[in-house]
Structure formats: C-alpha cells, structure tokens
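If you want the building blocks of each chain, they are given just below.
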Amino acid sequence: VVNDFEKSFASYSESSYCVGVATGCDALLWAMEALDIGKGDEVITVANTFIGTILPILRAGATPVLVDCDPQTQQIDFAQVEAAITTRTAAIVPVHLYGRLAPMDELLVIAEKHGLAVLEDSAQAHGACYKGRRAGSMGTASGFSFYPAKNLGAWGDGGAVTTNDSSLAEKVRKIRNYGQQQKY
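Residues numbered from 1 in each chain as written. Predicted model: local features only at pLDDT ≥ 70, side-chain atom pairs only at ≥ 80, totals over all residues. Heavy atoms only, no water.

## Here we look at the sheet that holds strand β9 (residues 159–163)
The strands that make up a sheet are held in pairs by hydrogen bonds between backbone atoms, and each pair lies either parallel or antiparallel.
Then comes step 1: In spatial order, the strands read β1-β9-β8-β5-β4-β2-β3; together these 7 strands make up an open sheet with mixed pairing. Strand pairing shows two members of the sheet lacking a second neighbour, β1 (17–21) and β3 (63–67), which therefore form its edges. Neighbouring strand axes in the sheet, compared pairwise and without regard to direction, differ in orientation by 25 degrees on average.
Then comes step 2: One ladder, built from 4 bridges, connects strand β8 (residues 141–145) with β9; its direction is antiparallel. Within the sheet, the bridge partner assigned to Ser-145 lies in β9 and is Gly-159.
Then comes step 3: Where helix α5 (residues 104–114) meets the sheet, it contacts β4 (89–93) and β5 (117–121), and its direction lies at approximately 150 degrees from that of β5. (Pairing = 2+ DSSP bridges. Helix = DSSP H or I, 4+ residues; strand = E, 2+ residues; numbered from the N terminus. Axes fitted to C-alpha atoms, helices over the stretch in contact; angles between N-to-C directions. Contact = heavy atoms within 4.5 Å.)

So this is what it looks like as structure tokens:
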C-alpha cells in the first residue's frame, strides 16, 4: 500500500520519486541527512514558518539562518537569502505557505550559483503550482506533511520526501529502514 501511494504521490507531485515517512519533520530531516547536511553547516529558511521547519535543521546538527519574508507575498525574500549566504551555507529551505509557492526561479538560480541544495518545505502546498510546476518538483528534494490539519491530511501523522534524484531517494529509503536496503 505504501509503495502504491509513493508512486501515485510522486506522479501527482510531478517528481520522479516519493518516499513515505512518519512526519513532515522526518521528511526534511532525512533529506538533510541524505545530503550530509549537519554540524558546521548553515541552512537558510524564512522566519515566518512553523517550528516543524526549524527542528529538522537543528536535529541534523546544522544552524538555522532565518531571513524575512517579502511583505507583498509573505514568501521568503530571495534577496535576503543571497545576502545571508556564507561559506558554511549548505542549503536553502523555502517554505511554501498557504498553498502559495516561494519564488523558486530566483532561489534556484541563487542555489546553483553557490552550489547549494534547495529543500522545499511543501507541508502546506500539496498540488500547488508555480509557473506550471508542482510544489515538490523543483528543488533538490521536498518535504510534505500529511498531518490531519494540512490541505492533504492523513488519519494521523504522515509525511513524504519527493525528489528527482534516484540516489537521494535511495538514501532516504535506507534511513527510513534503519540503514537496510528495502525489497519490494
């Protein structure tokens, strides 16, 4: 059943892979762990978010760097993101709030320029689109939450990582399964 869900949600999210996990926090944490983000690294995200975006950064051992939102869109201000980048920056975590997506074009250009991962926090953006592309399909990976209060809620907690990177998806699957290869 989980395998069927993962295939369906990957397709719905216009991503190549989906890995079901226990929570949205686990999705972001395990994506960071799969990317070797940890102690000594900085992760830039927006200040107007839920603690569920910050806790995975801290649990990975990295330092959250908070930037403000654009007052017009309430989404992360990409100019502040670029200004906050240091030699320790490893990733950017844009938070797609209220079904509205962050300025992904600008963020992806910044990330490519500086060699950074982009981990979309898509916990409130299931199915939302940015210039014809679905939330969770543009960054290095994305974390989704299926907590009952989300716009696509489960019976209890639930989460997923989406990505177009087969190696990253396999690493998250191993983390999910205590380091073991899964057989389907």
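## Considerations on the environment of Thr-162
Then comes step 1: Note that Thr-162 resides in strand β9.
Then comes step 2: When its relative accessible area of 0% is taken as the criterion, Thr-162 is described as buried.
Then comes step 3: Linking Thr-162 and Ala-27, residues 135 residues apart in sequence, is a C-alpha distance of 8.8 Å.
Then comes step 4: Among all residues touching Thr-162, those that are not within four sequence positions of it are Phe-9, Ser-13, Ser-15, Tyr-17, Cys-18, Gly-136, Ala-141, Ser-142 and Phe-144.
Then comes step 5: A polar atom in the side chain of Thr-162 sits 2.9 Å from the backbone oxygen of Gly-136. (Buried < 20%, exposed > 50% of the residue type's maximum accessible area, 1.4 Å probe, protein only. Polar contact = N/O pair within 3.5 Å; in protein donor to acceptor, adjacent residues only side chain to side chain.)

## Concerning helix α3 (residues 51–59)
Note: α-helices contain 3.6 residues per turn, so residues at a spacing of three or four share the same orientation.
Then comes step 1: Taken together, the buried positions of α3 are Gly-52, Thr-53, Ile-54, Pro-56 and Ile-57.
Then comes step 2: Structurally, α3 contributes buried residues whose contacts are with α2 (24–34), β2 (42–46), β3, β4 and β5.
Then comes step 3: Directly beyond the C-terminal end of α3, a positive phi value near 95 degrees is found at Gly-61.

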